[in-house]
Each structure stands twice: as structure tokens, then as C-alpha cells.
Amino acid sequence: MSANTYLIGALTRHQILIQRLAAGDARQVLPAIAAMRREIMAALAGQDLTSFQTARLSVLLAEITAITNRAAGNMAAVAIPNLQDFAAYESQFTQRLLAGAVTVELAGVSSAALAETVLNAPMKLVSGKTIVRTTIPGMFDIFAGGVAREVETLVLDGIAQGRTNQQITAAVNSMVGTRSKAQAQTVVRTATNQVGSLARAETYRQNADVLVDEEWVATLDSRVRVEHAVLDGKKFAIGEGPQPPLGYNCRCVRVPVTDPAFAALKEGATRATYRGPVSATKTFGGFFKDQGADFQREFLGPERY
């Protein structure tokens, strides 16, 4: 089997390990979320929300914003050093992987330069019908602003609908303990995938003389987004075209296509699926056709199916 299918198999399996790493890093920010939840509830405790005047409400909401900003800063302080270490590791891993697929010596990437690049690189994330343009530090800021707005909405709606203090604070407590917690973990997982993608992309760029293209590879399961799955198998020039992650929790990866003049052969390459390995030459389209009606209906949704 070709060097390219070897790389597809190796990088798709590696991407599964990255998701496990991301899940572990995401758990490390949970103490910051727990502290944020306690501080928000303390700010609401003892307040007569139902009789708030505008000035008093503004002071409370400003306090909530300060709490969420502080929590986001604590999250970033935990996550960013891990992400910078991961960037260096991922570049080195990618270089070693490429070394097994080509017959020439490869160029390395400066870890210091890469650590700076991964933090400041622009991201374009699709969230529902909204396109979010940000950076990794910006994602933490967006998270903080989102939580503050959701708390504000729950308080104002509760007042408008005549709910009691207990009902309003219970709604806020539930939201922060579930939705905000999940959002915080999504931020870290997405940042991890962004760093991995950037580290690999920079390694490809430094070795563009032995590569000809990059191929988009989607994860073969029902959780991949339709718009990501349709890119599976498409090839783009080095550093050009869409770069993963395309959205929050995106797990896609771009795999280098080696120049045949420098390619080494590797036998037995596969790529991972939710049901076990398949040939590395199989795209999402071929994989989808092989699945039963239940999988197809779950993936597409009833209307598309």
C-alpha cells in the first residue's frame, strides 16, 4: 500500500488519541468552573431579585461579568501551557511519522516559534448559523461573555415572568452546572484540535518540497457533521483551503500527500471507524454507503434521510 494510505491510517488512529488527550485536558478546567458557579451563586444569595431597580441590577450583572472573566482567565492559565507543550510534541510526532513515509531527510520546526503561532493564529468556527472568528485566547473570552449573558437572561426573564428568588437562582445554578460546564470542556477540546492542526500544518509547510497536497480526512462515525463529511477525501494545496477545526468539537484532520518521487511504501494501512478499522483508501462516502439504515438516519436526520 502507498505511503499516502499509510499516513491516513496512522493519523486517523493518532487523532483518536488526541481526543482522549483533549478530554483529559478538558477535565482540568472543571475546578475553575466549579469556583465560578460558587461565586455566581454567592453574588445572587440574599438578593431580592424581584424588586431590583435598574441601577442595582447593573451592579449585580457587572459583578457576574467580573466572575466569568476571572473564571475564563483561570481556565486559560491551566489550558494554555498544556496546549503549548502539545504543539511541540505534535510537530515532532508529525515529523517522525513523515520520516516513515518518505526516503529523504525532513526539516524540523522551532518549538518556540510554534508555541507563539498556535496562540495567535486566527480561527474560523461555525457555531449553528454563526461564523466565529477568533483565536485560542479569544475562545476563553467568548466563553466568559456567553456565560455572563446567559445569567443575565435568566435573571431578567425570571423577573419579567414573576418568578421567585429561589426559582431564578435555581435556574442559574442549573445552567452553570450543566451548559456552562459542557461549553468550557468544548472550548478546551476545540483548542486542542486547533493546536494539533496548526502543528501539523506548520510541519507540512516546512517540508512542502516532498509533499504535493493535503487530503481532508473525516472521522468515520455518526457524530461527524455533514458539512465536514462531504470534504472527506478532497485534496488541497499545502496550507490552502479549509483547515480543521471548522467548528466546535471538530475532529477532522488533514493528511499530507507525499510526492511519489520521495514516497516509501507501507503495507496494510487502515483508518479507524466506530466499528473497527477499514482500508485507508475508503472515504466517508464509501463508508456511509456500507452502513445500515439506522446509522444513515441518525447521521442525516429524518428530513435529510
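Thresholds, definitions, all that
Sequence positions are assigned chain by chain, starting from 1 and proceeding in written order. Reporting of local features is limited, given that this is a predicted model, to residues whose pLDDT is at least 70; pairs of side-chain atoms are given and counted only at 80 or more, and all residues count toward the totals for whole chains, interfaces and linings. Only hydrogens and water are set aside when side-chain values are computed; all heavy atoms of the structure are taken into account. Each axis is a line fitted through C-alpha atoms, taken for helices only over the stretch in contact, and angles between the N-to-C directions span 0 to 180 degrees. Helix numbers and strand numbers start at the N terminus; a helix is a DSSP run of H or I with at least 4 residues, a strand a run of E with at least 2. Under this scheme an angle from 65 to 115 degrees is roughly perpendicular, one under 35 degrees roughly parallel, and one over 145 degrees roughly antiparallel; angles in between are oblique. Each helix crossing is assigned a hand: it is left-handed if the near helix lies turned anticlockwise from the far helix by less than a right angle, otherwise right-handed if that turn is clockwise. Contacts between residues were defined by any pair of non-hydrogen atoms, one from each residue, lying within 4.5 Å. When residue character is reported, Ala, Val, Leu, Ile, Met, Phe, Trp, Tyr, Cys and Pro are called nonpolar, Asp, Glu, Lys and Arg charged, and the others, Gly included, polar. Each Phe, Tyr or Trp ring (for Trp, its six-membered ring) is paired with any other whose centre lies within 6.5 Å, and the angle between the two planes then decides the class: stacked below 30 degrees, edge-to-face above 60, tilted in between. Classification of residues uses two cut-offs on accessible area relative to the type maximum, computed with a 1.4 Å probe and protein chains only: under 20% is buried, over 50% is exposed, and between them is partly exposed. Each polar contact in these results corresponds to two N or O atoms within 3.5 Å; when the atoms are within protein, one needs to be able to donate a hydrogen and the other to accept it, and residues that are neighboring in sequence are counted only if both atoms are side-chain atoms. Only strands joined by at least two bridges in the DSSP assignment are considered to pair.

Chemist: Hey, could you run me through the packing of helix 3 (residues 54-99) against helix 5 (residues 136-160) in this one?
Modeler: How two helices pack is summed up by the angle between their axes together with the distance between the axes. Two numbers describe how helix 3 lies on helix 5: the axes approach to 8 Å, and their chain directions differ by 150°. Considering their axes alone, helix 3 and helix 5 lie roughly antiparallel with respect to each other. For the pair helix 3 and helix 5, the sense of crossing is right-handed. Contacts between helix 3 and helix 5 pair L57, L61, I64, T65, T68, N69, A72, M75, A76, A79, I80 and L83 from the former with I136, F140, F143, A144, V147, A148, V151, E152, V155 and L156 from the latter. Classifying every residue of the contact of helix 3 with helix 5 gives 18 nonpolar, 3 polar and 1 charged.

Chemist: How should I be thinking about the packing of aromatic side chains in this particular structure?
Modeler: Each aromatic ring pair is specified by the distance between its two centres and by the angle formed by the two planes. One pass over the structure, following the stated rule, counts 1 aromatic pair. Seen in terms of ring centroids, Y89 and F93 are 6.3 Å apart; in terms of plane orientation they differ by 20°. Their pairing is stacked. Residue Y89 and its partner F93 are both found in helix 3; the two are separated by 4 residues, about one turn of the helix. Among the residues examined, Y89 registers a relative accessible area of 38% and is labelled partly exposed.

Chemist: Mind showing me how you'd approach the side chain of T169 here?
Modeler: Turning to its location among the elements, T169 is positioned in helix 6 (residues 165-206). Looking at T169, the relative accessible area reads 17%, which means it is buried. Of the polar contacts made by the side chain of T169, one reaches the backbone oxygen of Q166; its length is 3.1 Å.

Chemist: Looking at this structure, I do not really get the sheet that holds strand 3 (residues 211-217). What am I missing?
Modeler: Pairing between sheet strands relies on hydrogen bonds along the backbone, with the strands arranged either parallel or antiparallel. Taken together, 3 strands build an open sheet; the order of strands is 4-3-5 and the sheet is antiparallel. Both outer strands of the open sheet, strand 4 (235-236) and strand 5 (253-258), are each paired with one neighbouring strand and no more. With 6 bridges connecting them, strand 3 and strand 5 associate as antiparallel partners. Residue pairing in the sheet places V217 in a bridge with V253 of strand 5. Each of strand 3 and strand 5 is contacted by helix 1 (residues 3-27), which is oriented at about 160° to strand 5, the strand it contacts most.

Chemist: Got a minute to help me understand the packing of helix 2 (residues 30-44) against helix 6 in this structure?
Modeler: Across the interface, helix 2 lies against helix 6 with an axial gap of 10 Å and an inter-helix angle of 160°. Classed by the angle they form, the pair helix 2 and helix 6 counts as roughly antiparallel. Crossing of helix 2 against helix 6: the hand is right-handed. Seen from helix 2, the contacting residues are L30, I33, M36, R37, I40, M41 and L44; seen from helix 6, they are T169, V172, N173, V176, G177, S180, K181, A184 and Q185.

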